[in-house]
Amino acid sequence: MRKIPFSVQILLGLVLGVALGFLARANDLSWLASTLDTVGGLFVQLLKLAVPPLVFTAIVVSVVSLRGVANAARLALKTLLWFGATALIAVGVGIGLGLLTDPGRGVTLDVGAAAPPKTTGSWTDFLGGIVPTNPVGAFVEGNVLQIVFLAMVVGAAALLVGEAAEPFVRLNRSLLAIVQKALWWVIRLAPIGTLGLIGHAVAAYGWDLLAPLAKFTTAVYVGCAIVLLVVYPLLLLGAGRLNPVRFFAGAWPAIQLGFVSRSSIGTMPVTQRAVERLGVPREYASFAVPFGATTKMDGCAAVYPALAAIFVAQVFGVDLGVGDYLLIAFVSVVGSAATAGLTGAIVMLTLTLSTLGLPLAGAGLLLAIDPIVDMIRTATNVAGQAVVPTIVAAREGTLDRAAYASAGSRDLTEPDPVDDPVGRPTRTDQPSPLPA
């Protein structure tokens, strides 16, 4: 299989998964649908298993790595500003498309049967949930937002302590290298995981279930496509003076994996490798990509909640005003961390609905199609997490434009000729073997 490019393997898994899904649904093969569900579920579970140690060690190491970056504070601030600016543009696309398409008009659904999802979000829950009551509990429960908070505090403390914290930093570097190595093994299973995830989605959500929500689903895909294929290329051209074609050639494996895995954090090692091969300095990429994988969500936290809020308002007959649309934009820019890089965006959606005073049960109407729209949402998230560091590096004059021009010439599942994947460049002429 290694003779077949990894992207082609995923494409083959996608095609085969769709075919098996249609076969299972058309012939009522429950055993096949169950098998596809199990295969896809195991793949996602393996990705989630790596999330707590990956997020903590990656952010600790990335914060400490800022010590070796010139003008680190300015770089961090510019990264945050670009995160906010691109999120604002993305939510503008979502609101504009929602006003243009009216995704909830004429939709016939049993709103009385809709119930709020089990996981909901509010500003008090969001703000109060950032600080864990028990640091161990944050890891046991897999609360990514709390893990991010702990990691940033610990990383900042280690950065200020300096030399005395070096043993702890080295331990985190070693743990990160081990987790990334194990995660690469999981990523190699992505073609099989793709087959199961797509196959189950097709088998479980046939056209008879999707038909009432077809306009909304199409609007989400179109909105994300506009951000992905229009907004980002224009920003690369205008702000970075960069060829968008070369960007997509280098970042496509990460975008593709995000689409099928529906996990920004699970895709993070591939995203970071893509960003580095696009010419972004490793020390900066090791900060920007992990931080973006937990907070930069243009698909899940901007385009989708804007369209979903308009959809729910129209289904329940609630008129939204200019102030409501401004609130949607505010929630999208400030509340992105609520999505925390995991599959799904229910918490972000319920946060938006509760802020607007819309029925939380409206989120329940969209649960059936969430796996379908989550694929394009996550692909957009991952692309944004790669675009911002690339633009910032280009504007700072630190981007290796020769590397950018040659991006995409190598398979991202092949290791770079670099010993340390976590921020200490050690170039060597000896090629590294493929992950076992």
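Calculation notes
- Residues numbered from 1 in each chain as written.
- Predicted model: local features only at pLDDT ≥ 70, side-chain atom pairs only at ≥ 80, totals over all residues.
- Heavy atoms only, no water.
- Helix = DSSP H or I, 4+ residues; strand = E, 2+ residues; numbered from the N terminus.
- Buried < 20%, exposed > 50% of the residue type's maximum accessible area, 1.4 Å probe, protein only.
- Contact = heavy atoms within 4.5 Å.
- Core = buried A, V, L, I, M, F, W, Y, C linked by side-chain atoms within 4.5 Å.
- Phe/Tyr/Trp six-rings, centres within 6.5 Å; stacked < 30°, edge-to-face > 60°.
- Expected span 1.5 Å × (residues − 1).
- Bend = angle between axes of the 7 residues up to and from the residue.
- pLDDT = per-residue confidence, 0-100.
- Axes fitted to C-alpha atoms, helices over the stretch in contact; angles between N-to-C directions.
- Left-handed = near helix turned anticlockwise from the far one by under 90°.
- Nonpolar A, V, L, I, M, F, W, Y, C, P; charged D, E, K, R; others polar.
- Disulfide = S-S within 2.5 Å.
- Salt bridge = Lys/Arg side-chain N within 4 Å of Asp/Glu carboxyl O.
- Patch = residues over 30% accessible without salt bridge, like charges linked within 9 Å, V, L, I, M, F, W, Y side chains within 5 Å.
- Areas by Shrake-Rupley, 256 points an atom, 1.4 Å probe, with all protein chains shown as cover.

Asker: Hey, could you run me through the overall build of the chain in this one?
Answerer: Helix and strand content of the chain: 20 helices and 0 strands. For the chain, the residues scored as buried account for 56% of the 436 residues in total. Contacts in the chain between residues far apart in sequence, at least 24 positions, make up 83% of those at least 6 positions apart.

Asker: Before we go on, may I ask you to explain the side chain of Gln256 in this structure?
Answerer: Here Gln256 is to be found in helix α12 (residues 244–261). Exposure remark for Gln256: the relative accessible area of 13% places this residue in the buried category. Once residues lying within four places of it in the same chain are set aside, the contact partners of Gln256 are Ser7, Ile10 and Leu11.

Asker: Got a minute to help me understand the nonpolar core in this structure?
Answerer: Counting 112 residues, the largest nonpolar core has Phe216, Phe247 and Leu366 as its most contacted members. If we ignore the near neighbours within four places in the chain, the residues touching Leu366 are Leu213, Phe216, Tyr304, Ala308, Phe311 and Leu349.

Asker: I keep staring at the packing of aromatic side chains and nothing clicks. Help me out?
Answerer: Working definition: an aromatic ring pair is given by the centre-to-centre distance plus the angle between the planes. Counted by the stated rule, this structure contains 6 aromatic pairs. Centre to centre, the rings of Phe287 and Phe291 are 5.7 Å apart; their planes meet at 15°, and the pair counts as stacked. Here the residue Phe287 and the residue Phe291 both occupy positions in helix α14 (residues 282–295), the gap between them amounting to 4 residues, near one helical turn. Here Phe287 and Phe291 have matching classes, each one buried.

Asker: I keep staring at helix α13 (residues 264–277) and nothing clicks. Help me out?
Answerer: Note on helix geometry: an α-helix contains 3.6 residues per turn, so any two residues three or four positions apart are oriented the same way. With 14 residues, α13 extends 19 Å between its outermost C-alpha atoms, agreeing within 8% with the 20 Å of an ideal straight helix rising 1.5 Å per residue. Of all bends in α13, the biggest is about 35°, found at Val270. Burial runs high along α13: 14 of the 14 residues are buried. Count one or two residues on from α13 and you reach Gly279, which has phi positive near 105°.

Asker: Honestly, the confidence of the model for the chain in this entry has me stumped. Any pointers?
Answerer: Overall, the prediction assigns the chain a mean pLDDT of 80, with 82% of residues at 70 or greater. Within the chain, the lowest mean pLDDT, 58, falls on helix α5 (residues 123–128), and the highest, 94, falls on helix α11 (residues 214–240). Across residues 417–436, where pLDDT falls below 50, the model places 46 contacts with residues more than four positions away in sequence or in other chains.

Asker: How should the packing of helix α4 (residues 72–101) against α14 be read in this particular structure?
Answerer: Packed helix pairs are specified by the crossing angle of their axes together with the interaxial distance, meaning the distance between the axes. Two elements in contact, α4 and α14, have axes whose closest approach is 11 Å; the angle formed by their N-to-C orientations is 35°. α4 and α14 meet at a crossing whose hand is right-handed. For the pair α4 and α14, contact is made by Leu75, Ala76, Thr79, Leu80 and Phe83 and by Tyr284, Phe287, Ala288, Phe291, Gly292 and Thr295, respectively. Residues that form the contact of α4 with α14 fall into these classes: 8 nonpolar, 3 polar and no charged.

Asker: What exactly am I supposed to notice about the state of the cysteines here?
Answerer: By definition, a disulfide links the sulfur atoms of two cysteine residues through a covalent bond. Per the stated rule, a full pass over the model turns up 0 disulfides. With no disulfide of its own, Cys224 lies closest to Cys300 among cysteine sulfurs, the gap being 8.0 Å. Residue classification places Cys224 among the buried residues on the basis of a relative accessible area of 0%.

Asker: In this structure, what is going on with the pattern of salt bridges? I would like to understand it.
Answerer: Between side chains of opposite charge, a pair can form when the charged atoms approach closely. A complete count under the given rule lists 6 salt bridges for this structure. Among the ionic pairs, Arg282 bridges to Glu276, the shortest N-O distance being 2.9 Å. Each member of the pair, Arg282 as well as Glu276, carries the same accessibility label: buried. Between Lys296 and Asp298 there is a salt bridge, and its shortest N-O distance comes to 2.8 Å.

Asker: Is there a simple way to explain a nonpolar patch on the surface in this structure?
Answerer: Taken together, the side chains of Leu88, Leu327, Phe330, Val333 and Val334 define a hydrophobic patch exposed on the protein surface, amounting to about 390 Å² of accessible area. With 4 residues, the single largest contributor to the nonpolar patch is helix α16 (residues 322–334). Relative to the helices and strands, Leu327 is located in helix α16. Relative accessible area serves as the criterion here: at 32%, Leu327 is assigned to the partly exposed category.

Asker: So what exactly am I meant to see when it comes to helix α9 (residues 190–204) here?
Answerer: Given a rise of 1.5 Å per residue, 15 residues ought to cover 21 Å, and the 20 Å separating the end C-alpha atoms of α9 matches this to within 8%. Burial of α9 is extensive: 12 of the 15 residues sit out of reach of the surface. What α9 keeps buried is the set Ala190, Pro191, Gly193, Thr194, Leu195, Gly196, Leu197, Ile198, Gly199, Ala201, Val202 and Ala203. Buried residues along α9 sit in contact with α1 (6–26), α2 (30–49), α8 (166–188), α12 and α19 (370–396).

Asker: Explanation requested: the side chain of Thr79 in the structure shown.
Answerer: Summarising the element assignment, Thr79 is placed in helix α4. Each residue touching Thr79, except ones within four places of it in the same chain, is listed here: Tyr284, Ala288, Val388 and Val392.

Asker: Could you clarify how one ought to interpret the environment of Val260 in this entry?
Answerer: Structurally, the position occupied by Val260 is in helix α12. Distance in space between the C-alpha atoms of Val260 and Gly13 is 9.8 Å, their sequence separation being 247 residues. Once residues lying within four places of it in the same chain are set aside, the contact partners of Val260 are Ile10, Thr194 and Leu197.

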